[in-house]
Amino acid sequence: MNFGTFLDPVALALVGGGTLVSAILRTPTADLGRALAALRTLPRRRFSADPLLEQITSLGRIARRHGALALDKSVIADRDVAAAIADIVDGRSAEAVGDQLRQLRLARIERHCAAADVWAGMAEAAPAMGMVGTLVGLVAMFVQMTDPQAIGGAMAVALLATLYGALIANLVAMPIASRLRAAARVEAFERQRLLAPLVALAAREQPRPATVRPIHDASEAA
């Protein structure tokens, strides 16, 4: 089989270009950038909270020995954990640290879902663009009915556009969207495990109010 017969630049430009234009028009620029950047995460292993939990345990030992201020010198790569440790160093309450972590987790979930939605939208648009390419090819074919050589090229565009739309949707865009959503679900679950130990560390290291001894009147003592 000659696979060169399945390559048509006109049909590919109609379907691929139309799908990209559709994604650009329907997606905010920030989400479009995240969708492209998310491609780098596909070869990576699924997110696991175990290394971060070990680091939080180590940070707890440091705080127990040297105080919460000693945590300010720690190098923490994860942004959510770093933000929580910064709040603990600043003496914020355990409730405030927990709320901050929940907000960061929800924001991260929203970003991941937005990136997956971009690829899901491309999977929806690709077959429609394939149909558009098919109609363009059919129109060109009917216009050039008097030229037998031109009919073959126009019919190739019509048929291959449908093929390209199906392939882009089912072998490229939808698998990427599905993998991104699966990875987002795993990370959301794993990051939930970080909440309890960080809140416990914040509660333990929260500054205690100084106790004020009552001052008794000398006359009452007499």
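Everything quoted here is computed from the prediction, not taken from an experiment. (Residues numbered from 1 in each chain as written. Predicted model: local features only at pLDDT ≥ 70, side-chain atom pairs only at ≥ 80, totals over all residues. Heavy atoms only, no water.)

Every buried residue of helix H2 (residues 29-37) is accounted for by Asp31, Leu32 and Ala35. Along the long axis of H2, the arc covered by the buried residues comes to 100°, so they all point the same way. In H2, the exposed positions that point more than 90 degrees away from the buried face belong to Thr29 and Leu36. Against the buried residues of H2 lie helix H1 (9-26) and helix H5 (94-143). (Buried < 20%, exposed > 50% of the residue type's maximum accessible area, 1.4 Å probe, protein only. Helix = DSSP H or I, 4+ residues; strand = E, 2+ residues; numbered from the N terminus. Arc of directions from axis to C-beta. Contact = heavy atoms within 4.5 Å.)

Here we take up the pattern of salt bridges. As enumerated under the stated definition, the model contains 13 salt bridges in all. We note a salt bridge from Glu187 to Arg108, for which the minimum N-O separation is 3.7 Å. Within this pair, whereas Glu187 is found in helix H6 (residues 148-192), its partner Arg108 is found in helix H5, the two being separated by 79 residues in sequence. Judged by its relative accessible area of 14%, Arg108 is buried. In this structure, Asp117 and Arg181 form a salt bridge, with 2.9 Å as the shortest nitrogen-oxygen distance. In this pair, Asp117 is assigned in helix H5 and Arg181 in helix H6, connecting sequence segments 64 residues apart. Judged by its relative accessible area of 43%, Asp117 is partly exposed. (Salt bridge = Lys/Arg side-chain N within 4 Å of Asp/Glu carboxyl O.)

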